[in-house]
Amino acid sequence: MDPPFIAELAHYEWVELALDVAEDELPEPAAVADIAVAVPTLSPLAWSLAYQYPVHRIGSGFRPERAEAPTYLVVYRDRRDSVRFMEVNAPTARLLELVAGNTERSVEQLLALLAAEMETSFDAIRAAGLEQFEQLVTETVVCLTVS
């Protein structure tokens, strides 16, 4: 009998392969003076995923018996053409969903939208959110343009 995580593990492995052979190119990085006013888009080589099992940790030494808390991962190909992954939390996963369909909202506007959805103050998430965006841009998960 197959383990309960096999379908998710197979999907995760397929995503790694698909990104490795994808013909998409990363856009050139934009020179952005203030990340807060830049317009973020999801890299064409980044996929934000949610799994019931921590598929990135499954191996000969770890085989979960049952699903636990959701696992949010970003699998992406960087500028050196290496496929990598990053575990993120639920708010960052939601932020990446907002970025994926974004064409005109600034980083700050998306953070304000996330704060409203989370029913928390914008000030409470602004600093951490800007820092998170800087990391996502550095890792080539998010691309920036200036509006």
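Structure's up top.
An account of the accompanying structure is given in this report. (Residues numbered from 1 in each chain as written. Predicted model: local features only at pLDDT ≥ 70, side-chain atom pairs only at ≥ 80, totals over all residues. Heavy atoms only, no water.)

### Topic: the environment of Arg 77
With respect to the secondary-structure elements, Arg 77 resides in strand E3 (residues 71-77). Between the alpha carbons of Arg 77 and Glu 139 there is a distance of 8.9 Å; along the sequence they are 62 residues apart. Leaving out residues up to four positions away in the same chain, Arg 77 has contacts with Leu 19, Asp 20, Val 21, Ala 22, Asp 24, Leu 26, Leu 45, Ser 82, Val 83 and Thr 140. One polar contact links the side chain of Arg 77 to the main-chain carbonyl oxygen of Ala 22, over a distance of 2.9 Å. One polar contact links the side chain of Arg 77 to the main-chain carbonyl oxygen of Asp 24, over a distance of 3.2 Å. (Helix = DSSP H or I, 4+ residues; strand = E, 2+ residues; numbered from the N terminus. Contact = heavy atoms within 4.5 Å. Polar contact = N/O pair within 3.5 Å; in protein donor to acceptor, adjacent residues only side chain to side chain.)

### Considering the sheet that holds strand E4 (residues 83-88)
Strand order in the open sheet formed by three strands is E2-E3-E4, and the pairing between neighbours is antiparallel. Looking at strand neighbours, the two that pair on one side only are strand E2 (46-51) and E4, the edges of this open sheet. On average, each strand axis in the sheet is inclined to that of its neighbour by 25 degrees, with strand direction left out of account. Note: E3 against E4, six bridges, orientation antiparallel. Bridge pairing in E4 links Arg 77 to Val 83. Running over the sheet, helix H1 (residues 6-21) touches E2, E3 and E4 and is turned about 175 degrees from E2. (Pairing = 2+ DSSP bridges. Axes fitted to C-alpha atoms, helices over the stretch in contact; angles between N-to-C directions.)

### Here we look at the packing of aromatic side chains
The geometry of two aromatic rings is summed up by the distance between their centres and the angle between their planes. Summed over the entire model, instances satisfying the criterion amount to four aromatic pairs. Considering the side-chain rings of Tyr 12 and Tyr 51, the 6.3 Å spacing of their centres and the 90 degrees angle between planes classify their relative orientation as edge-to-face. Within this pair, whereas Tyr 12 is found in helix H1, its partner Tyr 51 is found in strand E2, the two being separated by 39 residues in sequence. Between Trp 14 and Trp 47, the aromatic rings sit 5.6 Å apart at their centres with planes inclined by 40 degrees, giving tilted as the arrangement. Here the residue Trp 14 occupies a position in helix H1, and Trp 47 occupies one in strand E2, the gap between them amounting to 33 residues. Residue classification places Trp 47 among the partly exposed positions, given a relative accessible area of 28%. In textbook terms, an aromatic cluster arises when at least three aromatic residues are bridged by ring pairs, as seen for Tyr 12, Tyr 51 and Phe 85. The ring of Phe 62 is capped by Arg 57, whose NZ or CZ atom sits 4.5 Å from the centre of that ring. (Phe/Tyr/Trp six-rings, centres within 6.5 Å; stacked < 30°, edge-to-face > 60°. Buried < 20%, exposed > 50% of the residue type's maximum accessible area, 1.4 Å probe, protein only. Lys NZ or Arg CZ within 6 Å of the ring centre and 35° of its normal.)

### Focus on the packing of helix H2 (residues 90-100) against helix H3 (residues 107-118)
Orientation of H2 relative to H3, taken along the N-to-C sense of each, is 130 degrees, at an axis distance of 10 Å. The pairing of H2 with H3 is recorded here as oblique in orientation. For the element pair H2 and H3, the recorded crossing hand is right-handed. Residue-level contacts link Pro 91, Arg 94, Leu 95, Leu 98 and Val 99 of H2 to Leu 110, Leu 111, Leu 113, Leu 114, Glu 117 and Met 118 of H3. Of the residues belonging to the contact of H2 with H3, the class tally is nine nonpolar, no polar and two charged. (Parallel < 35°, antiparallel > 145°, perpendicular 65-115°, else oblique. Left-handed = near helix turned anticlockwise from the far one by under 90°. Nonpolar A, V, L, I, M, F, W, Y, C, P; charged D, E, K, R; others polar.)

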